[in-house]
Amino acid sequence: MPKEKVIIIGSGPAGLTAALYTARAMLNPLVIVGNQLGGQVAITHEVENYPGFPEGTTGPELVELMRQQAENFGARYVYDSVVSVDFSQGSPFTIKTYSEEYEAEAVIVTAGASPKKLGIPGEEEFIGRGVSYCGTCDGFFFRGKEVAVVGGGDSALEEGLFLTKFASSVNVVHRRDELRAGPILQKRAMAHEKMGFTWDTVIDEIRGNGVVQNIVTRNVKTGEVQEKPIDGVFIFIGHYPNSDFLHGQLAMDEEGYVITDELMRTSVPGVFAAGEIQDAHYRQVATSVGQGCAAAMQAQKWLSDRE
Ligand code: NAP
């Protein structure tokens with residue numbers, strides 16, 4: 001069984017920053033990458049609010065730079081996902097992936113979050129055939145087509161605006177008559193000729209024949225139900241933490257977010273957490289980077305205090 005000093009579970013901005021800091025502390029960290037190197041930001045088209053890039057950057061570019069920077073100091077990456085952990089006996093901890101079982105003296109959990117689903121008929125059936133959770137990934141397939149975007153937050157408007165590059169129209173279907181998104185995105189979206197808004201409305205069903213063809217909408221105020229033709233449904237209604245593999249191992253809140261203190265410590269000494277697995281509020285690259293840095297510094301301190 002490979003024995004490691006520090007294992008980092010996940011490779012988003014929090015994980016890659018933790019990798020950089022623990023690598024520079026000569027801890028030779030091993031990053032278990034997970035499904036997608038870079039996590040959610042890797043499939044984000046534009047990143048305009050990460051300091052140091054006055055013209056903005058792209059998610060993939062930012063991820064590659066972070067990956068390289070940590071690697072330059074000795075971080076190692078395995079392209080595998082964790083299936084279970086055993087933290088119950090204390091350090092060294094056991095971490096099982098699809099292809100290996102590792103031992104680690106300290107662990108930094110940065111497994112991130114995933115997009116929430118609506119849970120309506122047709123949603124699962126048409127994933128990849130008109131239903132999507134990622135404009136950057138799938139926008140290209142909707143050239144000249146009409147799409148609906150579900151949600152009223154920053155993600156819905158940002159992704160909706162991105163989709164206007166391809167789609168002939170982008171209709172934001174929002175369950176209230178007020179957007180949650182910030183003012184800059186609201187202004188841009190409202191001013192865009194291809195963007196429209198359907199207020200106080202939810203989608204009850206997605207219908208089609210092999211691919212998405214219609215949505216059944218319901219006005220939550222009037223109760224009016226309509227069936228409308230549509231080519232694509234993009235869903236941006238928030239996220240849930242990727243913490244299934246941690247149940248029973250770490251203290252979590254009722255939504256499954258790992259509970260950390262101000263030093264990024266979890267309920268198990270020697271296990272730290274950073275990024276969206278423990279943060280339901282900020283979800284920014286900048287905050288995840290800061291949390292990843294803090295978790296790495298605490299892991300380093302915890303290891304040196306033990307020696
Ligand atoms: P969010 O802010 O939680 O917004 C989710 C939206 O989906 C809300 O408008 C919500 O409606 C709606 N919604 C939730 N459940 C629903 C359901 N079952 N059916 C229909 N609608 C539903 O999530 P987000 O947009 O992904 O943003 C998450 C965080 O990331 C935020 O802090 C945001 O500021 C940040 N973010 C920032 C940027 C940026 O700075 N450029 C970009 C993306 C995300 P209600 O409004 O009625 O609750």
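In what follows, the accompanying structure is described. Since this is a predicted model, take the numbers as computed values, not measurements. (Residues numbered from 1 in each chain as written. Predicted model: local features only at pLDDT ≥ 70, side-chain atom pairs only at ≥ 80, totals over all residues. Heavy atoms only, no water.)

**Some points on the state of the cysteines**
So, point 1. Using the criterion set out here, one finds 1 disulfide in the structure.
So, point 2. The disulfide partner of Cys 134 is Cys 137, and the gap between their sulfur atoms is 2.1 Å. Given an S-S torsion of about 75°, the disulfide between Cys 134 and Cys 137 has right-handed geometry.
So, point 3. On the basis of relative accessible area, Cys 134 is assigned to the buried category, the value being 8%.
So, point 4. The class of Cys 137 is partly exposed, set by a relative accessible area of 34%. (Disulfide = S-S within 2.5 Å. Buried < 20%, exposed > 50% of the residue type's maximum accessible area, 1.4 Å probe, protein only.)

**Some thoughts on the sheet that holds strand β16 (residues 225–229)**
So, point 1. Taken together, 3 strands build an open sheet; the order of strands is β14-β15-β16 and the sheet is antiparallel. The open sheet has two edge strands with one neighbour each: β14 (201–209) and β16. Geometrically, the sheet is characterised by an average inter-axis angle of 25° between neighbouring strands, direction not taken into account.
So, point 2. With 5 bridges connecting them, strand β15 (residues 211–219) and β16 associate as antiparallel partners. In the strand pairing of β16, Ile 215 is matched with Lys 228. (Pairing = 2+ DSSP bridges. Helix = DSSP H or I, 4+ residues; strand = E, 2+ residues; numbered from the N terminus. Axes fitted to C-alpha atoms, helices over the stretch in contact; angles between N-to-C directions.)

**Describing the packing of helix α1 (residues 13–24) against helix α6 (residues 285–306)**
So, point 1. Interhelical geometry of α1 versus α6 gives an angle of 35° and a closest axis separation of 7 Å. Remark: the crossing between α1 and α6 carries right-handed chirality. Of α6, the residues touching α1 (which contributes Pro 13, Ala 14, Thr 17, Ala 18, Tyr 21 and Thr 22) are Val 285, Ser 288, Val 289, Gly 292, Cys 293, Ala 296 and Met 297.
So, point 2. For the contact of α1 with α6, a count of residues per class yields 9 nonpolar, 4 polar and no charged. (Left-handed = near helix turned anticlockwise from the far one by under 90°. Contact = heavy atoms within 4.5 Å. Nonpolar A, V, L, I, M, F, W, Y, C, P; charged D, E, K, R; others polar.)

**A word on the pattern of salt bridges**
So, point 1. Counted by the stated rule, this structure contains 17 salt bridges.
So, point 2. A salt bridge links Arg 306 to Glu 105; the shortest N-O distance between them is 3.4 Å. Of this pair, Arg 306 sits in helix α6 while Glu 105 sits in strand β8 (residues 101–109), placing them 201 residues apart in sequence.
So, point 3. With its nearest N and O atoms 2.7 Å apart, the salt bridge here joins Asp 204 to Arg 218. Remark: Arg 218 occurs in strand β15 and Asp 204 occurs in strand β14; sequence separation between them is 14 residues.
So, point 4. Residue classification places Arg 218 among the partly exposed residues on the basis of a relative accessible area of 32%. (Salt bridge = Lys/Arg side-chain N within 4 Å of Asp/Glu carboxyl O.)

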